[in-house]
Each structure stands twice: as C-alpha cells, then as structure tokens.
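For reference, the chains in residue letters:
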Amino acid sequence: MLTKVRLKRGIRVIRPIFRVAIMLLMVGLLTLPAYATRIYGGYYTAARIANLRNNCNTYEWAKQQRTTVIARAKAWVAKSDDELWAIVPGQDLPRCIDVTFDRLTTGPKFLGCLNCGKKVLKYGTYPYEPDFINKPWKLSCPACGAIFPTNDFGKYYQSGINKAGVFDPAKADKKLLYNTTHPDPKDPLYKYGVDDGYGYIDKNGRSYRYIGYYTWKYWDNIRNGLSYLADAFLYTGDQQYAHKAAILLDRIADVYPTMDWKPYADRGWFHSDKGTGKGKIQGSIWENGTAQRFADDYDKIISGTVNDDALYAFLKKKSETYVLPTTKGNRDLFVKNIDDNILRCAFKAVVSGQIFGNEGMQQLTAAKCAVALNTNPETTQWLDWIFSPTGGAIPKTIINQFDHDGSTNEGAPNYSVFLGIEITNIASLLDDYPAYTKHNFFKEFPQLSATFTLAYRWAALGIAIPNIGDSGATGLVSMHEVNVQFMAKGFRYTNDPDIAIAAYRANKNSAAGLGRDIFSKDPDSLSRIIKQIAGKAGPRPIGGYLMSGFGLALLEDSNGASGIALANNYGRTIKHAHPDMLNFDIFAFGHWLTPDFGYPEFATDWPNNTEWSGSTLSHNTVFVDKHPQKEIWSGHTQLFKQLKGFGVFEIDGKKAYPEIKEYRRTMLLIGGNNDKNAYVVDIFHVEGGKDHVYSLHGPPGAVATTGLNLIVQPSGTYAGENIPKGALAKTDFPIGYSYLYNVKRDPHPPAQFILDWKANAGYRGLTAQDDVHLRMYALNQCNDVALADGDPPQNKAGNPENLGFVLMHRSGNELNSTFVSVIEPYEHSPFIKSVKRLDDGKGSDISIQVEKTDGSMDYVLYNSSSQKITRLKNGMNMTGTVGYINTLNGKPQRGVLVDGTSLNYGKMHLHQKKEITGKIIKMNKETSGGGWIWVDAKLPVDGTLNGQQIIVDTEYDRDAAYTIRSAARDGNLTKIYCGPICFVRGQKGNKYLYDFDEGAVFKIPLHAAWDK
C-alpha cells in the first residue's frame, strides 16, 4: 500500500473519461439483471479452493500458513454477530490521515501533538497506533504518552446511533462532550482536548482531529478483520468464518454507496486524494486498496454462504429493527446487496474518477470487481473497459510510460516499479480467469518483461537500492522493492531464463519457494524449473552497468558488502522524483556515505519538502543561478565503461538547466589491490549563468577540514545572518538556503583543501569500532566555501538528526566552472597519502596525481577536447577523453584509455581507434520483436562489442544509449541486437514515437587496457 502522495509534483490526474463511454457503461448496467445467484466467485473456484485445502493437508509449509491464518481470525470469529454488525460506521463518522495537517490554513500546515508538539514527528508519518481493545476511541502520543481525546467519545458515538443504525452527529448528546478527568464545567480544562469527531479546536482556531485519525485506522481494522475471516474460511472450509465475514460485508454494502471523502476534504483535511477531494471511505488513491480487498474477500467467502439460514435470519432481523437501504432474508438478497452496493458501486466510482490512483490501481480495482462479480456479459464489459482507449487505457499507458528498463515515468524506485506490479497483477488475475480471452498482456506487450528484474538491477553490489526521490530513507540500506515472487511470476509468464536467474540470485542463490502456488496441484513445479535453469548460472557477476531507460549509472568495485559502488541518478526529475539531475551516492563498508534523503516528511506542499528535501540544493549536484533544476525525463549518456577495478561515465544533464551551455558530470571509480580501497574522481562542468554552488554532504558526523580558514557565522542560515532556519524563500534568497544552518565560511579559500567526515556510531548500525570516514580532496578555485548543517526528514525511523554540507560557490558573468574532486571512503586510516592537481585549471584538460600509502601512484587524465594532446612533465601523454595510469617506483603497472587514440608512459603504449561512428539506417519499429538496429558501419562481429554501449544522437527526452548484446552482418549493413526491448517512447494518434530517428548518428566509444 502506498504511504503518501505528492500533490505538487504529484501523480498525473487522468484526462476526463469521455461522457459517451460512461453513458454506455451505465446503460449496460441498467439493462443487465440486478444479480445472479452463483456458488463461487470468479477467482476462488472450486478447483482452486480444493487444491489449497489439499496442499494444507500435504505440505508442512502450507499447514503453517493455515495455522497462522486461523490464529489471526481468532479474535474476530469470537465476536458476536451483533457486535460485528454494529462495528461498521457510516459516512458521518469523520475521518482523515493526519491529526493536524490542514490544506487550507495560512499558518503552519502541521502542528504535531497537542501536548508535546513536533516531538511526535520522529515516530513516523503516521505516529499514532490505536489500541482498539484496551483504549477504544483514544490515541496515545508515542513521544509524550498523552492520551486524546479527553472525552468519552464511545459514549457520545452510541448516543448518536440513528434509525439506520449509523452515527448521526445531530442526534448525539452534546452534554457528553467534556474532559472526563476535569468534569466540572467551571474547570478551565473542562473542554480541553475534547473532540466531537471534527476535532478539538485550540485557541488559534486550529483543529486536532484525534477521532478523524482514529476512524481512518478503525476502518483499516475492519478491513483487516474481514480479510482474516475470509482467509480462515478459504483455508479451512469452516463456515463459521464465512458467516462472520458475510455479516461485515453485508453491513459494509449498506453504507458503501453513501461513503464520500469530499465533505472532509473541503474542510482542508488530509487523505490520499492527490488534492482532488475525491474518494469514498478513503482518499481516491487508497480507496483502490479498500475496494480491491472487499471484492477479493467476497470472492473468497461466497461459496461459504450457501445453506446458512442463521445468517439470513440475522440479517432479516436487522432490517426489521433498523431502516436499511436493502431488503434482507435470503442468499439471493445477500448476493444482490454485495454485487450492487460494493462491486457495481466501486466500478462506477472508478469510471467517474471517485476511485483513482497511480496508474494501474484503478484498472486493477475494476478487474477485481469484475472477476468477483463473475456475471457475463457484465464482467466482460468491465474487463474490456480496462483496455479501452476511453476507459482504463492500459495499452496506451504501457506504450507511453514504460521505458526499455521496465521502469515508468516515476523517478522514485518504489513508485517506478509500481505500475509494472499492478499490470502484472491484472495479467495474473486474467490468466487465472479463463472466461476472459480477449487480451494477453505479455504477448501484446513483451517489453513488460524488463519490469520483473527492474528492482534487482537497481541494487548496487546486489544488496542496496539507492534512495532516489520519494523512496526509502536517509542512508537506508535496503532491497525493499525486490520481490522474488514477483520475479518468479515474471518467469512464469515469459519463460525468459534471465528472469529465472535474477530471481534465483535475489533469493540468496536458491530456488526454494520461488513461484510457489498454493492453489496449484503441484505448488512447487515452477521452483524446480527455476533451479534447473539458474543453478548453473553462478553468483551475480562483479561490475556495474548502465540503466539508460531508468537513468542510473552504476559503477562497482568488487561485490557484496565488502565492495564499493558509485550510483549516479540521471533519470526522471518529475512526479515522485526530485530535481536532482546528476546526483550521486557512494556505497562503501555496507553503508551509503553521501546519502540521499529518501522519502520526505510529507510528500505534498510541505515546506520541508518543496524547499529542502525535495529541492536541488539538498542533493549532491550543482545549483545554478539560485534556482532549482527544471523537471525533465532524463539526462543523456556521453560515455560509460565498466572494467575490472576501473569504471567511468559521463552524463549530459543540460536539459535540467536549458538556459546554460553545459551541465555535464564525469565520474570515475578506481579500485586497487585491496577490495575495500577504491576512490571516486568527480569532474562537474557547468558553463553559463552567473552563480554556481556545488553541494555535497557526507554521512552524519563531525567534519574535519585541512586548508580552510573558516569563520563562524554568529546566527541565521546560509541565506543570511538575519534569515532564520526554515524561512520561506520568496524573492530575498534562493530555495533551500534557509535550511542550511550552523554556517561557517572561508571567504578566500585555497584552490585545494580537504574535508573529512567521520560517520557517527549508530548511523544505520555503525559502531565506534567501524570508524568509517569519507574524505574529499577539493581541487578547484572558488569564490567562497561554506560548511553548514542540513536536516534530513525527521519522521523516518533511523534518519540522522543532521548532515554536514560543503557548499563551494563561484560567481561571475558568463561563468565557466569545472568542479574537480577526489572522494575517498576509508576505514580507520586513509589509503590515499596525497592528491595533487597537475594542470593549471585554465584549459579543457585535467590531470590529477593520487599518491597512495602502499607506495603506488595513480594518474587520472581527462580532456573534454579529446582530439588535443594532454602532456605531463613526467612524459605521460594522452590523446583522448579519459586515461588512467597506475605506477610503482616510476614504472607503469596498469593503464586504461577510454574514448581516445593513444596513452603513453615509459614502456606502456596504448593505441586504438577512438570510437566507432556511423548512422542508423533502420530499426525495429514495433513494440515486439526485440531491439534491433541496422547501421551503415562494418562493426566487429566477433563478440568484442558485446556489453559495450551504442550511443545514438537524439533530440528527444529519453536517453538513447543501449547495451549491445550481439552484432552480425546483414548485407552491407551491421545488425545490432540490444536485447528484448523496444525503442517506442509513446504514441500520438495511431503513430508510434521513438527514442531516436532513423538516420541519426551513433557512436560506440572504445577502450584499451594494459597490465604489466
């Protein structure tokens, strides 16, 4: 389930559904029978249920699942029928997902706890967890222990139950609205903390909506209880569970048509509605999960409602006691109530947009309701809607939003993989529903196959996914988005051995449990096939790779927890991503050492997000002309190479600042003899504008400096001595400046200085004995340098209180900056003895000498004008873009030349062709058939180009760099295969749009290596 929703850079609101489509669907609903009595649902058929129960009697793991399911349902099945019926509230019990967040106020959006204020923030975005049994209608603050509301809301609620059996505030006894610990009306605390459902109003007119928050959790509790009961029936066949679940479902069906989030949204209250005010029990996004669960649980228990005379007698009695919207008394009426007032009601809400979430969510809701209804032609019409261009438009969504890595238009990993998961869930549901045969996702859209391994490929060293955009948390080391069962399911649909191998490796090099299907006669058949394929493949290979579809350049040295990785994000800066083009993070010693902030405090128009954690300045990139980057789809690869112990990439991010001439980052990861010793070279070139600020932060901890003369700023922030922390940026200072505090400046810094971050013990599990550091050797002249502290989100578990930033500032007319640094992660003591820049800093070439404590010396050469010769005084020379030479006692030990023609020193002479160039003559223009390109150049077909990048010149938004899988002659052309991908980036009318055009120029940068 999603945990938050961005409003400003939020999820795209779908264009209005055509009225004609709605009218046709509504006419179809009116002309169909009101209900159809049936024994089973569409998914949980007699055969599937029988297989499940047989497996529970056969396999120990299935028996354990059954035991767990029964235990979860124990408290719910013990409730009386009357108690279950009465537990379901109606529309007029207010609900929201934050106690104080107010969209309409001109004051602070968030106030925190009524007693301790913002101290509650550190307990997460949703800090209150009600105890429904022991403390009904109360919330306890996890920070200070205060309990609110102070009145007996349970008694007040009961006093408001009307003839329909639901709470009516107008009927409720207002005399019960007092602080029970201060019952004297003359006591000044008589009304303190009292909540009538609409919140306690403080002296400033702000509402503390404890009951509203409680009701949100209360509905979640009901939904969970329903699922526990439904699962228990499914696993056991014991009708008592279906009986109890049916009571809940029937009562929910009574109130569901009237449920509407909008009246509470109009008050400025907060829920998952993308700012639209739409929704039912929940905001429009999360309502998908609610409706899906209702449909699925109904599908599970419908077969258990046959011959339950006691159930229908109970429901009939309730209809005689209360004024209810439907007639009750037999199974047909029960089925009609659920079909009409949950399934059909939810589908109508999907079509109207009242239920609408991230792409894929509302389509899955429609599919779940359709299959649970299991009544044709209605079910088929609903499923057709999912594919209709004027309905769910899934085909168009796939074509427009998926890239060749299997990611979508979302830049944050958790959101980017979400659509693929939802579409797969729809595909899986339809695959197991043989009554519908009109569409097969994976035959129609084979490019979806990449989404199954997407999350696994994000993981640096195979163990840590970068916390990009609104994902993860500060420095969190996690593989949370990697779902091995999702990957196994992908293999089931595609038979792609690469997916089987990835699932096996992600499952700790094991096939155990992969693809296990408890509803199958042979539940582990897929696992055996995966083991046969993947068991021979070996462990994950060492080395990084380029994910040019998503926009992630990953370099690695060694593998696993002992390795070091460099991750550069150059993909989306839209939606749940941040404006952080070319941001990077370093993973070493099992930790992120230049950590991205991850998920914000609140992914909405919350100043800490829009002006700080979701801004450009809080990331490891360059802030130009005092304004954030433009929101774009992707940067463009200029160069990528990963060799053993050496990697380099160069990415053009100019579209993030389209008004300047250059915005380009070149980074190298260079390893040594020790697996744990690798360092980063960072060359960031910015040309244009008048103001450049290079921002970098390390791990939480003290920052030591060498070479700087820092002057403490007595007060204020980076925005100025008189600008307090968190002041809103208007016209006086740039976004982000007021969130940097404890400022120290050197107004006349030297051209070279050193910073050293010592990571705090406690940072994501570090101990004092670990003694992890990050050292930066800055190698360029600036106008001024500042150190300051900045806070990551404070309501995420494990996030540090602050991080230390360095801000290297340059200003001037027609500014041309090249920020150069060497960054060394180390434990206990540095392995680099000294770093020196050898060039004069005035030309296009950069030469760096790195002296290491083992006596060896590295030389790193870079020249953006790669046709010019770079010469050093010791005789080294290079014609090319990137050169690396390792020496010992003045003699070459190793050399690497990338995108150049020569590299020479002593007895080492590297000569090659700089690159292969030519034109794209044609390409496969279909969505299926694979990524085939035909070029006019005669390329090597002996496999030497396999794994290299073909970089196609393009004017479009997406990066057109692809990994070569194979090359072969085709007449006068060379045919290149780039894998099971397609080059389609969208659709306009009936025409496909492509990542690049036929006739475009391409290049394949070459490299040469020498080792003594």
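Since this is a predicted model, take the numbers as computed values, not measurements.

Q: Quick question: what am I supposed to make of the overall build of the protein chain here?
A: In terms of regular secondary structure, the protein chain is built from 22 helices and 40 strands. Scaling as 2.2 N^0.38, a compact globule of 1012 residues should have a C-alpha radius of gyration of about 31 Å, and the protein chain matches this with 31 Å. C-alpha extents for the protein chain along the principal axes are approximately 100 × 80 × 55 Å. Within the protein chain, the fraction of its 1012 residues that count as buried is 62%. Summarising the internal contacts of the protein chain: among those between residues at least 6 apart in sequence, 68% fall at separations of at least 24.

Q: Explanation requested: the sheet that holds strand β5 (residues 545-547) in the structure shown.
A: The pairing of strands in a sheet happens through backbone hydrogen bonds and is either parallel or antiparallel. The strand order across the open sheet built from five strands is β5-β6-β7-β8-β9, with neighbouring strands paired in antiparallel fashion. Looking at the sheet topology across the chains shown, the edges are occupied by β5 and β9 (591-592). Relative to strand β7 (residues 564-569), strand β6 (residues 552-557) is paired through six bridges, and the arrangement is antiparallel. Note that in β7 the partner of Asp 557 across the bridge is Ile 564.

Q: Any chance you could explain the environment of Ile 301 here in plain terms?
A: For Ile 301, the position within the fold is in helix α9 (residues 287-301). Through-space distance from the C-alpha of Ile 301 to that of Pro 183 is 48 Å; in sequence the pair is 118 residues apart. In this view, Ile 301 contacts Ala 230, Phe 233, Ala 242, Ala 245, Ala 246 and Leu 249; residues no more than four positions away in its chain are not counted.

Q: Would you take a moment to explain the sheet that holds strand β35 (residues 966-970) for this structure?
A: One open sheet accounts for seven strands, arranged β34-β33-β39-β31-β32-β36-β35; its pairing is antiparallel. Looking at the sheet topology across the chains shown, the edges are occupied by β34 (961-963) and β35. Taken pair by pair, the neighbouring strands of this sheet meet at an average axis angle of 35°, ignoring direction. In this sheet, strand β36 (residues 973-977) lies alongside β35 in antiparallel orientation, the contact comprising five bridges. When the sheet's bridge partners are listed, Ala 968 is paired in β36 with Lys 975.

Q: So what exactly am I meant to see when it comes to the packing of helix α19 (residues 484-494) against helix α20 (residues 497-506) here?
A: Running from N to C, α19 and α20 cross one another at 160°; their axes reach a closest spacing of 8 Å. The angle between α19 and α20 falls in the class roughly antiparallel. α19 and α20 meet at a crossing whose hand is left-handed. Taken together, the residues of α20 that come into contact with α19 (itself represented by Val 484, Met 487, Ala 488, Gly 490, Phe 491 and Thr 494) are Pro 497, Ile 499, Ala 500, Ala 502, Ala 503 and Ala 506.

Q: How should I be thinking about α19 in this particular structure?
A: Every α-helical turn comprises 3.6 residues, leaving residues that sit three or four positions apart pointing alike. Those residues of α19 not exposed but buried are Val 484, Phe 486, Met 487, Ala 488, Gly 490, Phe 491 and Tyr 493. In this structure, the buried side of α19 is in contact with α16 (418-431), α17 (441-444), α18 (454-458), α20 and α21 (525-534). The distance from a side-chain oxygen at the start of α19 to the backbone nitrogen of Gln 485 is 2.9 Å, and the residue carrying that oxygen is Asn 483. The first or second residue beyond α19 is Asn 495, which carries a positive phi of 60°.

Q: What exactly am I supposed to notice about α9 here?
A: The first and last C-alpha atoms of α9 sit 21 Å apart over 15 residues, in line with the 21 Å expected at 1.5 Å per residue. Counting buried residues along α9, 13 of its 15 residues qualify, which places the element largely inside the surrounding structure.

Q: Just to check I follow, could you spell out the layout of surface pockets for this structure?
A: Over the atoms rolls a probe the size of a water molecule, and its path tells where empty space is left. The space that makes up the second largest pocket amounts to roughly 1200 Å³. Lining the second largest pocket are 39 residues, and of these Arg 457, Asp 498, Tyr 545, Thr 963 and Arg 965 lie nearest its centre. Going through the elements one at a time, α18, α20, β5, β11 (636-643) and β34 are the ones with two or more residues in the lining of the second largest pocket. By residue number, the principal contributor to the lining of the second largest pocket is α20, which donates five residues. Looking at the lining of the second largest pocket residue by residue, the class counts come to 18 nonpolar, 13 polar and eight charged.

Q: Even after reading the chapter, I still don't get the pattern of salt bridges, so can you show me in this structure?
A: Should their charged atoms come close, side chains of opposite charge can pair. Applying the stated criterion across every chain, the model contains 42 salt bridges. The closest approach of N and O atoms between Lys 300 and Asp 296, which form a salt bridge, is 3.7 Å. A residue pair is termed a helical-turn pair when its members lie 3 or 4 positions apart in one helix, as Lys 300 and Asp 296 do in helix α9 at four residues. When sorted by exposure, Lys 300 lands in the same class as Asp 296, which is buried. Several salt bridges share partner residues, and in doing so they unite Arg 72, Asp 231, Asp 296, Asp 297, Lys 300 and Lys 368 into one network.

Q: So what exactly am I meant to see when it comes to the nonpolar core here?
A: Across soluble globular proteins, nonpolar side chains show a tendency to be buried alongside one another. Judged by nonpolar contacts, the single largest core of 267 residues is most densely connected at Tyr 256, Phe 441, Ile 530, Met 776, Met 808 and Ile 950. Among the elements that take part in this core, helix α6 (residues 210-236) stands out by supplying 15 residues, more than any other. Dropping the residues within four chain positions of it, Met 776 is found in contact with Tyr 694, Leu 696, Phe 753, Ile 754, Leu 755, Trp 757, Val 806, Met 808, Ser 821, Val 822 and Ile 823. Ranked by size, the runner-up nonpolar core spans 26 residues in total, among them Leu 639, Ile 670, Val 681 and Val 835.

Q: Can you help me understand the packing of aromatic side chains in this one?
A: One pass over the structure, following the stated rule, counts 58 aromatic pairs. Judged by centre distance (4.7 Å) and plane angle (40°), the rings of Phe 101 and Phe 270 are tilted. Linking Phe 101 in the loop between α4 (81-86) and β1 (139-140) with Phe 270 in the loop between α8 (262-265) and α9, this pair joins segments that are 169 residues apart in sequence. Neither residue differs from the other here; Phe 101 and Phe 270 are each classed as buried. An angle of 55° between the planes, with centres 5.6 Å apart, marks the rings of Phe 153 and Tyr 156 as tilted. With Phe 153 and Tyr 156 both in helix α5 (residues 153-159), this residue pair falls three residues apart, about one helical turn. A residue is classified by how much of its surface remains accessible, and Phe 153, at 1% relative accessible area, is buried.

Rules of the game
Residues numbered from 1 in each chain as written. Predicted model: local features only at pLDDT ≥ 70, side-chain atom pairs only at ≥ 80, totals over all residues. Heavy atoms only, no water. Helix = DSSP H or I, 4+ residues; strand = E, 2+ residues; numbered from the N terminus. Rg over C-alpha atoms; globule rule 2.2 N^0.38 Å. Buried < 20%, exposed > 50% of the residue type's maximum accessible area, 1.4 Å probe, protein only. Contact = heavy atoms within 4.5 Å. Pairing = 2+ DSSP bridges. Axes fitted to C-alpha atoms, helices over the stretch in contact; angles between N-to-C directions. Parallel < 35°, antiparallel > 145°, perpendicular 65-115°, else oblique. Left-handed = near helix turned anticlockwise from the far one by under 90°. Polar contact = N/O pair within 3.5 Å; in protein donor to acceptor, adjacent residues only side chain to side chain. Expected span 1.5 Å × (residues − 1). 1 Å grid on protein atoms, 1.4 Å probe; cavity = no way out; pocket = protein on both sides within 12 Å on 5 of 7 lines; lining within 4 Å. Points joined across faces, edges and corners; volume = space filled by probe spheres on them. Nonpolar A, V, L, I, M, F, W, Y, C, P; charged D, E, K, R; others polar. Salt bridge = Lys/Arg side-chain N within 4 Å of Asp/Glu carboxyl O. Core = buried A, V, L, I, M, F, W, Y, C linked by side-chain atoms within 4.5 Å. Phe/Tyr/Trp six-rings, centres within 6.5 Å; stacked < 30°, edge-to-face > 60°.

These figures come from the coordinates and say nothing about function on their own.
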